Amino acid sequence: VTSPEQTVQPDCLFCRIISGEIPSSPVYETESVYAFPDIRPVGPTHVLVVPKVHRRDAADLRREDGQLLADLFAAATEVAALSGLSERGYRLVLNVGDDAGNTVPHLHLHVIGGRQLAWPPG
Ligand code: AMP
Ligand code: ZN
């Protein structure tokens, strides 16, 4: 579990993207969250929404992160609207751990859409 003080981790890929050290194209941004395109999109729209403070994954969240979570999901709704997905729908994904294929240990909400998506995922 990340200690509450660990808001930015210098070795974290997404912390470096959030800080601008690694360039990315902003899709949406607020005081608390940042959204940018996934480098390997699995759909016509594939955006990652990340909290600016470092949390490892959904299992690293605590009750005090309620506002952070609300901000994350509100941002996903905005990203969907900005991407023209509101009417036809989209998928929100949080991968946790190896079996889910989680590769980047900084919490990120996938917003995927723009085509019919299969269920269940492979
Ligand atoms: P997950 O499997 O949930 O950990 O997802 C990690 C996602 O991050 C994958 O979909 C990758 O394609 C994406 N990704 C990895 N590196 C970058 C990067 N530099 N910029 C944007 N997306 C990235
Ligand atoms: Zn991080």
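Residues numbered from 1 in each chain as written. Chains lettered and ligands numbered in written order. Predicted model: local features only at pLDDT ≥ 70, side-chain atom pairs only at ≥ 80, totals over all residues. Heavy atoms only, no water.

> How would you explain the overall build of the chain if you had to name every residue and give the values?
Broken down by element type, the chain carries two helices and five strands. Each helix and strand of the chain, placed in order from N terminus to C terminus, yields the pattern α-β-β-β-α-β-β. Against the compact-globule benchmark of 14 Å for 122 residues, the chain has a radius of gyration of 14 Å, which places it among compact chains. Counting only C-alpha atoms and orienting by the principal axes, one finds that the chain spans roughly 40 × 30 × 25 Å. Of all 122 residues assigned to the chain, the portion counted as buried reaches 37%. Counting contacts in the chain only where the partners sit at least 6 residues apart, residues at least 24 apart contribute 54% of the total. Of the roughly 7400 Å² of accessible surface on the chain, a fraction of 53% belongs to carbon and sulfur atoms. Looking at the chain, you have 10 positive and 15 negative side-chain charges, and the mean spots of the two groups are 6 Å apart. (Helix = DSSP H or I, 4+ residues; strand = E, 2+ residues; numbered from the N terminus. Rg over C-alpha atoms; globule rule 2.2 N^0.38 Å. Buried < 20%, exposed > 50% of the residue type's maximum accessible area, 1.4 Å probe, protein only. Contact = heavy atoms within 4.5 Å. Areas by Shrake-Rupley, 256 points an atom, 1.4 Å probe, with all protein chains shown as cover. Lys, Arg positive; Asp, Glu negative; His and termini not counted. Charge placed at Lys NZ, Arg CZ, Asp CG, Glu CD.)

> Break down the site of ligand 1 for me, with residues and values.
Taken together, 16 residues lie near ligand 1, and D38, N102, T103, H108 and H110 sit nearest. Measuring from an oxygen atom of ligand 1, one finds a side-chain N or O atom of N95 at 2.9 Å. The separation between an oxygen atom of ligand 1 and a polar side-chain atom of H108 is 2.7 Å. The cavity where ligand 1 resides is the largest pocket. Of all elements in the fold, only α1 (13-19) and β2 (33-37) reach the threshold of two or more residues within the shell around ligand 1. Tallying contributions element by element places α1 first for the shell around ligand 1, with three residues. Looking at the shell around ligand 1, its residues break down into eight nonpolar, six polar and two charged. (Near = heavy atom within 4 Å. Polar contact = N/O pair within 3.5 Å; in protein donor to acceptor, adjacent residues only side chain to side chain. 1 Å grid on protein atoms, 1.4 Å probe; cavity = no way out; pocket = protein on both sides within 12 Å on 5 of 7 lines; lining within 4 Å. Sits in = over half its atoms within 2 Å of the grid points. Nonpolar A, V, L, I, M, F, W, Y, C, P; charged D, E, K, R; others polar.)

> An account of the pattern of salt bridges is needed here, citing residue identities and associated values.
Inspection of every chain in the model, using the stated rule, returns five salt bridges. A salt bridge links R16 to E21; the nearest nitrogen and oxygen atoms lie 3.0 Å apart. When the shortest N-O distance is used, the salt bridge between E29 and K52 registers 2.8 Å. Here the residue E29 occupies a position in strand β1 (residues 28-29), and K52 occupies one in the loop between β3 (45-51) and α2 (66-82), the gap between them amounting to 23 residues. Classification of E29 by relative accessible area gives partly exposed; the value is 44%. Where salt bridges share partners, they join R55, R62 and D65 into one cluster. (Salt bridge = Lys/Arg side-chain N within 4 Å of Asp/Glu carboxyl O.)

Take it as geometry only, folks, not as evidence of what the structure does.
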